[in-house]
Amino acid sequence: MVSSPQAPLRVLTGITPSGTPHLGNYVGSIRHSVRQSVAPGVQSFFFLADYHALIKVQQPALIQRSTLEIAASWLACGLDPEHVTFYRQSDIPEIPELTWFLTCVTGKGVLNRAHAYKAQLDKNVAKGEDPDADVTAGLFMYPVLMGADILMFNAHKVPVGRDQVQHIEMARDMAQRFNHQYGEHFTLPDAEIDDAVATLPGLDGRKMSKSYGNTIPLFAPRAYLRKQITSIVTDSRAPGEPKDTEGSALFQIYQAFADADETDMLRKAYADGIGWGDAKQLLFERIDLEVAPLRARYDELIANPAEIERLLLIGAEKARALSQPFMTSLRHAVGLRNLAAGKDKGGAKAARVAKPSFKQYREKADGLFYFKLLDARGETLLQSHGFTSPQEAGRTIAVLQAQRGEALASLAEQLEPIDTEGTRAVTEALEALAEATSANQGS
C-alpha cells in the first residue's frame, strides 16, 4: 500500500551470493548503502538474494559459502542489524508468493526486453545456436523476482548501478499494473544512482564482475591484494611519459576510494608521467588504508558463522512482521479469501449490517481511551492499549483504516499482541471494512 507522507523513506538493496565479495560490490553497493542506513528518517532493508543465485549457480556449497561471506562483509563494513532489517531472501516465503502475483500481471513483451535475457539470445545467435539455448525460465523471470523483492517492502529508493536501472523500471511497471487492476497497494520505486557509486572496472578494464573473472576480492589478505593490483592491465607507456586518466582502470579504481584532493594529486602525477608500478603502489596503499580495519572484523565474523545465522533469522522475523500482513492484504485483494467471509445470502441489507467495526470507549479504572476491532459477529479481533485522549485513539484507527494490514507492524506498540492467524483475521476484517465503506460511498 502507498505509504503516508509521514512514513520513513524506505531504501532496499541486496547482493546475489554467487561468489566472493569484491571491490566492485563494496564501491557499488555495500559502502554507500551502509552509510545511507544511518541517515535520519531512513528505514533500510538489506537482503541476501539467494533465490537469484540459483539462476546461475548450481553449486550448493558455493551458494552457502558466498552467503556467509557477503553477510560477513556487510556486517564488517558497519551494518547494524538492530538499526536495519537484514535478512536472507529465502527466509521470506511471501516473496515467491508475490512473485507469482506479479507474474500474472506482467506482460511477456516487457520481459523480452530484459538486458540479461537479450544478452543471452544475442550470444546464442552469434554462435549460430537456437536463440533460447541455455535460457531457463529462471533467467527469463529474473526481473519479476527482483520486482517482488522491492515491492514486498514498498521500497521508495533502490540504490543501483546504471546497468540495473531497467529492473527498477520494470518493478514500477509491475506495481502500476497491479494497482490498476486491484487498487492502490504498491509504492512506485525509484532507482537511486549516485555518481560516486559508479561501476568499477576490473583487472582487464571491463566491468568488475565474477562472470568475467576479473575481480579483486574485498577482504583478500594484504599480500594477495597487492598481487592483484599489480596485475591490473595498463598500456605500454614508460615512466616519464604523460598518461591519460580517461579509460584508465587503475585511475578509476583509485578515484572510487580517494577524496577530491587525492584524486587531483594522482591526475597530476599521470600528466607528469608517473610509472605504472608507482601508480599501482599508490592504489594498493589507498585501498588497504580503508579496507584493513574492516578486514579484521570480517575475519572474526567468518570464524563464527552461527552468529551470522542468528542475526539473519532475527532479521527474517522483523521482515516477516511486515510481509505477512501485507501478503494477507494482497491475497484478499486478488480474491484469495476466506469463503465464509463473503456476503450474507440474505441480501444487500444483511451484508451491510454484517461487517466489522471499531468500538471506542473509556476505561473507568485508569481513565484511558481504548478501541477494539470487532468482526461481523461482535467478537474482538484486535484490542488497543490505552491512549491519553480519544483523538490519539481515533488517529490510530484512521491509520488502520487507511493502511489496513500493513499498519499492524508499525503500530505494534499501541496494540495487544496477535498471532499469525489473528493477523490474517484482522487484515481480512480491515479489507472487508474498507470495501464496505467504498461500496456505501459509491451507492
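Because the structure is predicted, anything quoted here is derived from the model rather than measured. One numbering rule holds for all chains: residues counted from 1, following each sequence as written. For a predicted model such as this one, the threshold for reporting local features is a pLDDT of at least 70, and the threshold for listing and counting side-chain atom pairs is 80 or more; totals across whole chains, interfaces and linings nevertheless cover every residue. To obtain the side-chain values, all non-hydrogen atoms of the structure were included, while hydrogens and water were left out.

Draft legend 1. Representation of the layout of surface pockets. In this analysis the probe radius is 1.4 Å and the grid spacing 1 Å, with only protein atoms considered; a cavity is a set of points the probe fits into but cannot get out of, a pocket is an open set with protein on both sides within 12 Å along at least five of seven lines, and lining residues have an atom within 4 Å of a point. Grid points are joined across faces, edges and corners, and a volume is the space filled by probe spheres set on the points. Approximately 1,700 Å³ is the volume attributed to the largest pocket. Forming the boundary of the largest pocket are 49 residues, of which Lys-56, Tyr-142, Asp-163, Gln-164 and Lys-207 lie nearest the centre. Of all the elements in the fold, those that place two or more residues in the lining of the largest pocket are strand S1 (9-15), helix H1 (23-37), helix H2 (50-56), helix H6 (115-126), helix H7 (137-152) and strand S4 (157-159). Residues are sorted three ways: Asp, Glu, Lys and Arg are charged, Ala, Val, Leu, Ile, Met, Phe, Trp, Tyr, Cys and Pro are nonpolar, and all the rest, Gly among them, are polar. Of the residues that constitute the lining of the largest pocket, the class distribution is 21 nonpolar, 21 polar and 7 charged. Labels follow the DSSP assignment, with helices taken as runs of H or I lasting at least four residues and strands as runs of E lasting at least two, numbered in each case from the N terminus.

Draft legend 2. Layout of the sheet that holds strand S6 (residues 357-362). Pairing between strands is defined by DSSP: at least two bridges between them are needed. The 3 strands are arranged S6-S7-S8 in an open sheet whose pairing can be described as antiparallel. One side of each edge strand has no neighbouring strand; the edge strands of this open sheet are S6 and strand S8 (380-383). Across the sheet, the axes of successive neighbouring strands diverge by a mean angle of 25 degrees, strand direction being ignored. Pairing of strand S7 (residues 369-374) with S8, which is carried by 3 bridges, proceeds in the antiparallel orientation. Along S8, the bridge assignment pairs Lys-372 with Gln-383. Working convention: axes come from line fits to C-alpha atoms, limited for helices to the stretch in contact. Angles between N-to-C directions cover 0 to 180 degrees.

Draft legend 3. Structural context of the packing of aromatic side chains. Between rings of Phe, Tyr and Trp, where Trp is taken as its six-membered ring, a pair exists when centres lie within 6.5 Å; planes separated by under 30 degrees are stacked, by over 60 edge-to-face, and by other angles tilted. Summed over all chains, the structure comprises 16 aromatic pairs. Taken together, a centroid distance of 4.8 Å and an interplanar angle of 45 degrees make the contact between Phe-178 and Tyr-182 tilted. Here the residue Phe-178 and the residue Tyr-182 both occupy positions in helix H8 (residues 165-182), the gap between them amounting to 4 residues, near one helical turn. Ring geometry for Phe-358 versus Phe-371: centroids 5.9 Å apart, planes at 75 degrees, classification edge-to-face. Separated by 13 residues along the polypeptide, Phe-358 in strand S6 and Phe-371 in strand S7 bring together distant segments of the chain. Whether a residue is buried, partly exposed or exposed follows from its accessible area with a 1.4 Å probe, protein chains only, as a fraction of its type maximum: under 20%, in between, or over 50%, in that order. Owing to a relative accessible area of 0%, Phe-371 belongs among the buried residues under this scheme. Counting every residue linked through ring pairs, the aromatic cluster contains Phe-45, Phe-47, Tyr-87 and Phe-153. Taking NZ or CZ as reference, Arg-31 lies 5.5 Å from the ring centre of Phe-257, over its face. Arg-206 extends its terminal NZ or CZ atom over the ring of Tyr-212, reaching a point 4.1 Å from the ring centre. To sit over a ring, a charge needs its Lys NZ or Arg CZ within 6 Å of the ring centre and within 35 degrees of the ring normal.

Draft legend 4. How the structure looks around the packing of H7 against H8. It is at 9 Å that the axes of H7 and H8 come closest, and there the two elements cross at 75 degrees. Judged on the interaxial angle alone, H8 and H7 are roughly perpendicular. The segment H7 lies against H8, with Tyr-142, Pro-143, Val-144, Met-146, Gly-147, Ile-150 and Leu-151 engaging His-167, Ile-168, Met-170, Ala-171, Met-174 and Ala-175. The class makeup of the residues in the contact of H7 with H8 is 11 nonpolar, 2 polar and no charged. Relative orientations are named as follows: roughly parallel for angles under 35 degrees, roughly antiparallel for angles over 145 degrees, roughly perpendicular for angles from 65 to 115 degrees, and oblique for any other angle. Two residues form a contact once any of their heavy atoms are found within 4.5 Å.

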